[in-house]
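A closer look at the structure
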Protein chains: 2
Amino acid sequence: MIKIAILGLGTVGTGVVKVVTENARQIERKLGEPLQVKTVLVRTFRDGPCRQLMTDDFKKIEDDEEIRVVVETIGGVDAAYEYTRRALSAGKHVVTANKQLVAEKGCELLALAKKKNVSYLFEASVGGGIPVIHPLTQCMAANRIDEVYGILNGTTNYILTRMVRTGAFFSDALREAQAKGYAEADPTADVEGIDAGRKICILGDLAFGRQIDPEGVPMEGISRLSLRDVKVAQRAGFRVKLLGRAVRLPGGGRTAYVAPHLIPESSPIANVEDVFNAVVVRGNATGEVMFYGRGAGELPTASACVADVMECLQASPRREEIGWSPETDGFVDPLELKTRHYFRIEGSLSEAAMAFGQVEVLSEDGETAFLTEALSGRDAARQARGLHVLACMRVLEG
Amino acid sequence: MIKIAILGLGTVGTGVVKVVTENARQIERKLGEPLQVKTVLVRTFRDGPCRQLMTDDFKKIEDDEEIRVVVETIGGVDAAYEYTRRALSAGKHVVTANKQLVAEKGCELLALAKKKNVSYLFEASVGGGIPVIHPLTQCMAANRIDEVYGILNGTTNYILTRMVRTGAFFSDALREAQAKGYAEADPTADVEGIDAGRKICILGDLAFGRQIDPEGVPMEGISRLSLRDVKVAQRAGFRVKLLGRAVRLPGGGRTAYVAPHLIPESSPIANVEDVFNAVVVRGNATGEVMFYGRGAGELPTASACVADVMECLQASPRREEIGWSPETDGFVDPLELKTRHYFRIEGSLSEAAMAFGQVEVLSEDGETAFLTEALSGRDAARQARGLHVLACMRVLEG
C-alpha cells in the first residue's frame, strides 16, 4: 500500500481523490500495489467523504514517513511554495498543477528535489489532462526544440469561439462563459493572458533549458479585442486565437509572449474550439506535433496529477531529465520577432501602402484592414507611427 | 561515451545516424555524456559516411559489451525477430520502429526483456515522430482507457485528401502518391489497411493490457472505396477517413478493426489532411485527447527511436510500466460494435426505410445514400440482405 497526501481540497484536490478511488484497479495494476490518500490538508474542516483524512497542520504530513508523495493543489505561491519546499526537504516527491508556482519558482524547486533525490513533477500545470510536458521533455528529447506555441487557456478560447460563431461581443461572450462556469467571477488572469503566460513560461523553460522570467514576458489578453477584427479575419480565411509562444531565434536567443494572433483556417490549431486547448511543439527532426484535448476541469487535471504520482513511484529514485538552468540571459524582447502583422486603420489603402510598402488588403470600407510583409514588432510599431491604428495583431505563419 | 548499434541502414536507420549526429549537443545535455553509433549491421557493404562502422555479422554486435542499446530498423519478422531476441538475451536494450514485429511478437519480446532486466521500446512503431505510446502508457496511466482510434497511415490519408480536394479517383490519387514517394511500388500493406491494422493492434494491446491477435482483426482498406461515396459524404458534412479503432465494449470485452469511416467535419480528426496522422485516446478521466503530426518519414521516425534510446539509458535498470498479458480472450468480433452505418444502395428511399426503419437521407438520385440509426455490424448486414448495396461504411460518433 502506497500512501500519499493532498494539500488543498478544491477542484483539483477533490478530483485526485475521485481518480484514485474510481480508477483504483488500473492504478494498482500498473503500480503493483494499491494507492491510498492518507491525509488531506485543509484550512477549514468540512463534512464529506474525506472528513476523516483531514488535518489543518502541515507538520502531520511533513513528519509522516509513510507518506511518499505530496500532491500540492493549493495554487498561488505563498503557502504552496513553503509546503512544497518542506515536503521536498523531508524527502517526499511532490506533484502539482500549480502553474504560477512552477513558472516563478520551478527552477529552484527542481534543484531542491534533485538535491534531496526526489521528483518534482507538474504535467497538470499545462494543458490539464493533455500530455504535454512529458512528450516535450522525453519523447522529443532527441530534437532541438525550435518553438512551442498553443491555445493554453480554455476560457478565452471559449469566448473567441462564441464571438466567431454567434457574433457576440467580448463582454457578452464573457458573461456567457461565467454563466457556464468556464470563467471565474474575476476573470482577469484568464482574459488578460496571465494564465496562458505562466504556462508558456513553463513550456519555454523546458524547451530551451533556461529560465524564462514571467516578469519579462509581455502578456496581452483578449479584453480589448474588437468583434470587427474577428469578423474581418474570418472573412479573409483566418481565425483569431489567443496564443502563448516561446520561440528560439535564429541568432541563438529566445523569446516568449502571449497575444491574440491571426491563424490561417487550414492550420489544425485554427480549428481548436470551445474550451479545448492545443499545444504545438516544433522539433528540428519531428517537425510540428500537436497535442489536443481538455485543458482544464476536475478529472482531466487530477488524472494528470495521479499519473505523475505513479511516475514518481516508478522512476526510482527520481526522474532525471527534467530541469533547466536558472540563467535568464539570452532572452530577447518579442518585439524583435518577425511575423506578418494585421492592421486595421482609420485611413485609406494608400496611407497603408505609404507606411508599409507592399500590403495585402483584407477589407476597405472607410477603415482599411491589411496584412504587412514579415517584419519585427518594433518595425511594425515604428512604421505605423503616422497612422490612426485601430487594431494590430501578429499573424501565425502557416 | 555511450555506444549503440543499428541493425539495417534503410530510411529509418539512416535517419538515426543523422539525428545522433545533428542533435549531438541536445542529446549529450540530457544524457550527461555523448551518444555514439559504434556499429551498423548491413547485408551488403556500401560506401558512405557509415562505411567504417559496417558489419554483416550480427555476432560482432551481440558479443560487444560496449554496446548497450541496439536499434532494430530491419523491418518484418524473420531476421528482426531473431536479432531482437539475441540482443535482449545478451542484456542489451532494444529499440524499434518495426510495427509488424511488435504487433506479432511484442508480448513475448517484452517478457524476455523483463527477464533480462532490459527495456524493449517502440514509440516509433506507431505515429512516427508523434509521441503516442508514451503518453498513452504513462501520462494517461491513471485512466481507464475506453477507446483508441486514429488515422494511422499517411499514404491512405494522402490519397483520401486528394480524392476530396481534387475529385481524383482512387487509382489516380494512388499514382500521384507513388510519384511523390508517399506510396511504395507495391502499396498493398498501406491501401489494404494492413499497416494501420498492425498499429491498432499495438495501441489496443497497451490500452487494454491484453494481446490482440492481428490475425483476428478485420482490416479493410480504401482500394474499393468509390469517389462517389467520398463526395456524397462531403456534401452531407462528413469526411471519409481510414480509421484503426480499438474499443472497450460495455460488457468488458474489447474489439479492434480497420475500415473507412464517415467522420463529422466538426471533429478535429476530420481535418487531419495529407500525410499527417492523428491518434485519439479516450480515457475515463481525461476524455478525448488527440496527438497529431507527421506519422512517417526519416527524421521524425528516427528521432522517436533516439528518444527511446535515451529513455532506456535513463530508466535504470529498465522501464517498468510497459507490457501486456499474452491472453487473447475477451476479444469480440467488431461486427458486435454498434454505430450508425452509411449505405448507398441501388434502390429507393422506401426500400431503405423498409429494411432499416428510421433513416437519414444523404442523397437520392436513382441511387439512395442514407445513414441508419446505431446498430451492430451484424444487424446492419442482416437487415441489408434484400437490398442492392453499392457501399457500406461505419460512422464515427461525434
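Before reading further, recall that the structure is shown in the block above.
Summarised in this report is the structure supplied together with it. Since this is a predicted model, take the numbers as computed values, not measurements. (Residues numbered from 1 in each chain as written. Chains lettered and ligands numbered in written order. Predicted model: local features only at pLDDT ≥ 70, side-chain atom pairs only at ≥ 80, totals over all residues. Heavy atoms only, no water.)

1. As for the sheet that holds strand 4 (residues 67-72) of chain A
All names here are of chain A. Heads up, the condition is: Two strands are counted as paired when DSSP detects at least two bridges linking them. In this description a helix means any DSSP run of H or I spanning at least four residues, a strand means any run of E spanning at least two, and both kinds are numbered starting from the N terminus. What makes two residues a contact is simply this: any of their non-hydrogen atoms within 4.5 Å. Axis definition: a line fitted to C-alpha atoms, limited for helices to the stretch in contact. Angles are taken between N-to-C directions and run from 0 to 180 degrees.
As summarised here, the arrangement of the six strands in space is 3-2-1-4-5-6, forming an open sheet in which the pairing is parallel. Lying at the two open borders of the sheet, with one neighbouring strand each, are strand 3 (54-55) and strand 6 (120-121). Sheet analysis places strand 1 (residues 2-7) next to strand 2 (residues 35-41), joined by six bridges and oriented parallel. Residue Ile6 lies in a different strand from strand 2, and its bridge partner there is Val40. In the packing of helix 1 (residues 11-22) onto the sheet, the strands contacted are strand 1, strand 2 and strand 4, and the crossing angle to strand 1 comes to about 160 degrees.

2. Thoughts on the sheet that holds strand 4 (residues 67-72) of chain B
Residues and elements named next belong to chain B. With parallel pairing, the six strands of this open sheet are ordered in space as 3-2-1-4-5-6. This sheet does not close on itself; its edge strands, each paired only once, are strand 3 (54-55) and strand 6 (120-121). Bridge count for strand 2 (residues 35-41) against strand 3 is two bridges, and the pairing is parallel. Looking across to strand 3, one finds that Leu41 is bridged to Thr55.

3. Examining the interface of chain A and chain B
For clarity, the cut-off: Here the quantity called buried area is the accessible surface, traced with a 1.4 Å probe, that two parts lose on coming together, added over both. Definition used for salt bridges: Asp or Glu carboxyl oxygen within 4 Å of a side-chain nitrogen of Lys or Arg. Any N or O atom pair separated by 3.5 Å or less is treated as a polar contact, with the protein-specific requirement of one donor-capable and one acceptor-capable atom, and with residues adjacent in sequence counted only for side-chain atom pairs. Three classes are used: nonpolar for Ala, Val, Leu, Ile, Met, Phe, Trp, Tyr, Cys and Pro, charged for Asp, Glu, Lys and Arg, and polar for all others, with Gly counted as polar.
Counting residues at the interface gives 44 residues for chain A, matched by 44 residues for chain B. Roughly 3700 Å² of surface becomes buried between chain A and chain B when both sides are summed, with 56% attributable to carbon and sulfur atoms. When the area that chain A buries against chain B is broken down by residue, the three leading residues are Cys139(A), Ala142(A) and Tyr292(A), summing to 16%. For the pair chain A and chain B, the interface holds zero salt bridges. The interface formed by chain A and chain B includes eight residue pairs in polar contact (both at pLDDT 80 or more). The element that contributes the greatest number of residues to the side of chain A that touches chain B is helix 12 (residues 298-314) of chain A, accounting for eight residues. Along the lines of polarity and charge, the residues of the side of chain A that touches chain B split into 21 nonpolar, 15 polar and eight charged. Strand direction decides the pairing type here: strand 11 (residues 287-294) of chain A and strand 11 (residues 287-294) of chain B, joined by three bridges, are antiparallel. Note on strand 11 of chain B: the bridge partner recorded for Met290(A) is Tyr292(B).

4. Overview of the pairing of strand 14 (residues 359-365) of chain A
Residue and element names in this part refer to chain A. Relative to strand 15 (residues 367-372), strand 14 runs antiparallel, the two being bridged by six bridges. Pairing of Glu360 across the sheet is with Leu371, part of strand 15. Count of turn residues in the strand 14/strand 15 antiparallel hairpin: one residue, of which Gly366 carries a positive phi of about 85 degrees.

5. Description of the pattern of salt bridges
Going by this rule: Relative accessibility thresholds used throughout: buried, under 20% of the residue-type maximum; exposed, over 50%; partly exposed, between the two (1.4 Å probe, protein chains only).
Under the criterion given, the structure shown has 58 salt bridges over all chains. Taking the shortest distance from any N to any O, the salt bridge between Glu147(A) and Arg245(A) comes out at 2.9 Å. Of this pair, Glu147(A) sits in strand 7 (residues 145-151) while Arg245(A) sits in strand 8 (residues 238-248); the two residues are 98 residues apart in sequence, bridging distant segments of the chain. Accessibility classification places Glu147(A) together with Arg245(A) in one group, the buried group. Between Arg228(B) and Asp365(B) there is a salt bridge, with its nearest N and O atoms 3.0 Å apart. One end of the pair, Arg228(B), is in helix 11 (residues 227-235); the other, Asp365(B), is in strand 14 (residues 359-365), with 137 residues separating them in the sequence. Taking the relative accessible area as the measure of exposure, Arg228(B) reaches 28% and is therefore partly exposed.

6. Remarks on the relation of the copies chain A and chain B
Stated precisely, the cut-off is as follows: The fit set for superposing copies consists of C-alpha atoms from residues with pLDDT of at least 70 in both; the fit itself is least squares.
The transformation that overlays chain A on chain B combines an axial shift of 0.0 Å with a rotation of 180 degrees, and the residual RMSD is 0.0 Å. The two molecules are tied by a two-fold rotation axis, judged by turn and shift. Scanning chain A for the C-alpha nearest the rotation axis identifies Phe291(A), at a separation of 2.4 Å. Same-surface contact between copies: 100% of interface residues of chain A are shared with the interface of chain B.

7. Observations regarding the side chain of Ser363(B)
Residue and element names in this part refer to chain B. Following the sequence through the fold, Ser363 ends up in strand 14. Ser363 gets classed as buried once you look at its relative accessible area, which sits at 15%. When near neighbours in sequence (up to four residues on either side) are disregarded, Ser363 contacts Arg228, Val232, Thr368 and Ala369.

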